[in-house]
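# Remarks on the overall topology
Chain by chain, the residues:
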Amino acid sequence: AINKGVIRLQNSNEEMTREGIIDEVRASVEQALLPKTRWDGTQEEFSKICNDLAVTWKSLCQIDAAISPRASAVINGDAATSSICWDIVHESCSNAIQHGQAKWISIRISDPINESITIEVIDNGTHYNFQSRTGLGSTLLDACTISWSRNRQDNQTILTAELPIESNLKSL
């Protein structure tokens, strides 16, 4: 929501339009920070949301997710971290399928180290262009991560993103 808003603001010249965009972004961020809830009012776990993503894309691509228990506790314990993780996972999977024509994607989130967690999204897409213009995904990664990289190795594209976490969550 924030990145889309920034792009819209950069392309907007009128002050009234800018204020409207800012209001929309504020509302979207507030909504995104709410815990993901199911119809029965319980909070949706991040691993379940990843499984739902796999079901959505199953006719085009197999998506596997491996999230360590400690990383899962951190992600589920902080709405902002959960939202950022979701945006990165969703955007990278969508790009791998739509632009890279991936047939297999592996999402890996390892145990927190110090005050960060690392997300890896690995795909076997065959159409890749690392020289392409900056898009929503790389803008999101620039804005929300400590560091990130995208490499091509052994016929796989590997996206690695390191996210900061609240210092009180690292002990989970």
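Below you will find a few notes about this structure.

What counts, and where the lines are drawn
- Residues numbered from 1 in each chain as written.
- Predicted model: local features only at pLDDT ≥ 70, side-chain atom pairs only at ≥ 80, totals over all residues.
- Heavy atoms only, no water.
- Pairing = 2+ DSSP bridges.
- Helix = DSSP H or I, 4+ residues; strand = E, 2+ residues; numbered from the N terminus.
- Axes fitted to C-alpha atoms, helices over the stretch in contact; angles between N-to-C directions.
- Contact = heavy atoms within 4.5 Å.
- Core = buried A, V, L, I, M, F, W, Y, C linked by side-chain atoms within 4.5 Å.
- Buried < 20%, exposed > 50% of the residue type's maximum accessible area, 1.4 Å probe, protein only.
- Salt bridge = Lys/Arg side-chain N within 4 Å of Asp/Glu carboxyl O.
- Parallel < 35°, antiparallel > 145°, perpendicular 65-115°, else oblique.
- Left-handed = near helix turned anticlockwise from the far one by under 90°.
- Nonpolar A, V, L, I, M, F, W, Y, C, P; charged D, E, K, R; others polar.

### A closer look at the sheet that holds strand 2 (residues 104-109)
Hydrogen bonding along the main chain pairs the strands of a sheet, whether they run parallel or antiparallel. Taking strand neighbours across the sheet as the criterion, the 5 strands line up as 1-2-3-5-4 in an open arrangement whose pairing is mixed. Edge positions in the sheet fall to strand 1 (62-67) and strand 4 (147-153), since each has one partner strand and no second. On average, adjacent strands in this sheet sit at an angle of 10° to one another, irrespective of strand direction. Sheet analysis places strand 4 next to strand 5 (residues 156-164), joined by 7 bridges and oriented antiparallel. Bridge pairing in strand 5 places tryptophan 148 opposite alanine 161. Its contacts with the sheet place helix 3 (residues 46-57) against strand 1 and strand 2, and it is angled at close to 170° to strand 1. Contacts between helix 4 (residues 69-77) and the sheet are confined to strand 1, strand 2 and strand 3 (116-123), with strand 1 contributing the most and set at about 90° to the helix.

### What to know about the nonpolar core
Phe46, Ile63, Val89, Cys93, Ile105, Ile109 and Ile119 are the most contacted members of the largest nonpolar core, which totals 32 residues. The set of elements that each furnish at least two residues to this core consists of helix 3, strand 1, helix 4, helix 5 (79-98), strand 2, strand 3, helix 6 (136-144) and strand 5. Per-element accounting of this core gives the leading share, 7 residues, to helix 5. Non-local contacts of isoleucine 119, meaning those with residues more than four positions away in its chain, are made with Cys85, Ile88, Val89, Arg108, Ile109, Leu159, Thr160, Ala161 and Leu163.

### Some details on the pattern of salt bridges
A side chain of one charge can pair with a side chain of the opposite charge when the charged atoms of the two come close. Applying the stated criterion across every chain yields a total of 2 salt bridges. Residues aspartate 52 and lysine 48 are paired through a salt bridge, measuring 2.6 Å at the closest nitrogen-oxygen approach. Placement of both aspartate 52 and lysine 48 in helix 3 is noted, with a separation of 4 residues, approximately one turn of the helix. Across the salt bridge formed by arginine 70 and aspartate 111, the nearest N and O atoms sit 4.0 Å from each other. Residue arginine 70 is found in helix 4, and its partner aspartate 111 is found in the loop between strand 2 and strand 3; the two are separated by 41 residues along the sequence.

### Thoughts on the packing of helix 5 against helix 6
Between helix 5 and helix 6, whose axes approach to 10 Å, the crossing angle comes to 150°. Regarding the angle of helix 5 to helix 6, the classification is roughly antiparallel. Here helix 5 and helix 6 pass one another in a crossing that is left-handed. Contacts between helix 5 and helix 6 pair Ile84, Asp87, Ile88 and Glu91 from the former with Leu136, Gly137, Leu140, Leu141 and Cys144 from the latter. Split into classes, the residues belonging to the contact of helix 5 with helix 6 amount to 6 nonpolar, 1 polar and 2 charged.

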